[in-house]
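Report on the structure
Here's the letter readout for the chains.
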Amino acid sequence: MSAPGDAIIGSWSTNAEAWTTAVREGHIASRKAGTDAAIVAAVRDRRPTRALDVGCGEGWLVRALTALGIEAHGSDVSPELVAAARAAGSAHVSVASYADIVADRTCVAGPWDVIVCNFALLDADVVPLLSALGTRLEPDGALVIQTVHPWMARGDAPYEDGWRTETFAAFAVPFPAHMPWYYRTMASWSASIAAAGLRVERFQEPLHPETGLPLSLLLNVTRP
Ligand SMILES: C[S@@+](CC[C@H](N)C(=O)[O-])C[C@H]1O[C@@H](n2cnc3c(N)ncnc32)[C@H](O)[C@@H]1O
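None of these values were measured; they are calculated from a predicted model.

With respect to the pattern of salt bridges
In total, this model carries five salt bridges according to the counting rule given. Across the salt bridge formed by Arg24 and Glu58, the nearest N and O atoms sit 2.6 Å from each other. Taken together, the residues Arg24 in helix α2 (residues 16-24) and Glu58 in the loop between β1 (50-54) and α4 (60-67) connect sequence positions 34 residues apart. For Arg24, a relative accessible area of 40% translates into the label partly exposed. Judged by its relative accessible area of 1%, Glu58 falls in the buried class. Between Asp45 and Arg44 there is a salt bridge, with the nearest N and O atoms lying 3.8 Å from each other. On the basis of relative accessible area, Arg44 is assigned to the partly exposed category, the value being 44%. Among the ionic contacts, a cluster of salt bridges with common partners joins Arg24, Glu58 and Arg63.

So, in structure tokens, the structure goes:
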């Protein structure tokens, strides 16, 4: 893993309490504006019996899918966030890093009808994880990825891949640690998915209901 990859993981343990508060108290405006509803709808539309939320955080999506009658499991690298998910009632949530999933075929083995990554792919090289998740899918299963919209998240920087820093300054609660994250373009997402031996079945760009601007990029990814 990259040095920024270690820093990403460390930041989620340091920020676990602030993140849990931000999610549960609704401090992330884009989530209320549509990204929460978009990811739930994208999973539900595939009519899964079993779903896995990878990088599940404090577990809101596991709870939302369970409430829809889906057997939903979650995994996350942060023991603090997994503990928060369990304390909120999700029994099937485990501590696993992406490196664990790549290295150990029995980790979150599945097979799953749907695997979700909701704003959880943050490192530079996502190909090994995407490839490993592809092997955990049912033959007609799908990997559903929601991420920041490449055009909206570019900021003032050029439209090219590269490391950025999230300070969480826009959040209503203070976050003790900054987080490095890897910005990638639309073409880079497409190339990473192809390099993992998978294909994008459907691109979606949920829009803000008032501004009409993209809130996120949502990818339905399947085996070829
Ligand atoms: C922005 S949060 C999203 C959490 C959750 N998916 C949600 O929608 O609220 C990113 C999550 O990815 C997890 N994560 C980041 N890097 C990881 C890694 N290498 N292995 C496992 N989980 C990781 C973090 O612990 C964190 O919970």
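Considering the packing of aromatic side chains
Describing an aromatic ring pair means giving the distance of the ring centres and the angle of the ring planes. Scanning the entire structure with this criterion turns up 10 aromatic pairs. Ring geometry for Trp12 versus Phe168: centroids 6.1 Å apart, planes at 85 degrees, classification edge-to-face. Taken as a pair, Trp12 in helix α1 (residues 3-14) and Phe168 in the loop between β6 (162-166) and β7 (179-183) lie far apart in primary sequence, 156 residues in all. A single burial state applies to Trp12 and to Phe168, both of which are buried. Arranged with centres 5.3 Å apart and planes meeting at 75 degrees, the rings of Trp163 and Tyr182 form a pair that is edge-to-face. Taken together, the positions of Trp163 in strand β6 and Tyr182 in strand β7 put the pair 19 residues apart, joining distant regions of the chain. The exposure class of Trp163 is partly exposed, given its relative accessible area of 34%.

A short note on a nonpolar patch on the surface
Taken together, the side chains of Trp151, Met152, Tyr159 and Leu213 define a hydrophobic patch exposed on the protein surface, amounting to about 400 Å² of accessible area. In this structure, Trp151 sits in the loop between β5 (137-147) and β6. On the basis of relative accessibility, which here comes to 46%, the residue Trp151 falls in the partly exposed class.

Some remarks on helix α8 (residues 186-195)
Those residues of α8 not exposed but buried are Ser188, Trp189, Ser192 and Ile193. When α8 is viewed along its axis, its buried side chains cluster within an angular range of 135 degrees and face the same direction. The exposed residues of α8 that point more than 90 degrees off its buried face are Ala187 and Ala195. As for α8, its buried residues are in contact with α7 (127-135), β5, β8 (199-204) and β9 (217-222). Backbone geometry just after α8 places Gly197 at a positive phi near 80 degrees.

Quick notes on unusual backbone geometry
Negative phi characterises most residues that are not glycine, and trans characterises most peptide bonds. With an omega of 5 degrees, the peptide bond running from Gly110 to Pro111 counts as cis. For Pro111, the position within the fold is in the loop between α6 (98-103) and β4 (112-118). Look at Arg47: it is not a glycine, yet its phi comes out positive at around 50 degrees. Relative to the assigned elements, Arg47 resides in the loop between α3 (29-44) and β1. The residue Phe119 is not glycine, and still its phi comes out positive at about 55 degrees. Within the secondary structure, Phe119 is located in the loop between β4 and α7. Residue classification places Phe119 among the partly exposed positions, given a relative accessible area of 22%.

Remarks on the sheet that holds strand β2 (residues 71-76)
Read across the sheet, seven strands follow the order β3-β2-β1-β4-β5-β9-β8 without closing on themselves; strand pairing throughout is mixed. At either margin of the open sheet sits one strand with a lone partner, and together these are β3 (93-95) and β8. Averaged over all pairs of adjacent strands, the angle between strand axes in this sheet comes to 20 degrees, irrespective of strand direction. Relative to β2, β1 runs parallel, the two being bridged by five bridges. Bridge pairing in β2 links Asp53 to Gly74. Lying over the sheet, α7 contacts β1, β4 and β5, oriented at roughly 145 degrees with respect to β5.

The rules behind the values
- Residues numbered from 1 in each chain as written.
- Predicted model: local features only at pLDDT ≥ 70, side-chain atom pairs only at ≥ 80, totals over all residues.
- Heavy atoms only, no water.
- Salt bridge = Lys/Arg side-chain N within 4 Å of Asp/Glu carboxyl O.
- Helix = DSSP H or I, 4+ residues; strand = E, 2+ residues; numbered from the N terminus.
- Buried < 20%, exposed > 50% of the residue type's maximum accessible area, 1.4 Å probe, protein only.
- Phe/Tyr/Trp six-rings, centres within 6.5 Å; stacked < 30°, edge-to-face > 60°.
- Patch = residues over 30% accessible without salt bridge, like charges linked within 9 Å, V, L, I, M, F, W, Y side chains within 5 Å.
- Areas by Shrake-Rupley, 256 points an atom, 1.4 Å probe, with all protein chains shown as cover.
- Arc of directions from axis to C-beta.
- Contact = heavy atoms within 4.5 Å.
- Pairing = 2+ DSSP bridges.
- Axes fitted to C-alpha atoms, helices over the stretch in contact; angles between N-to-C directions.

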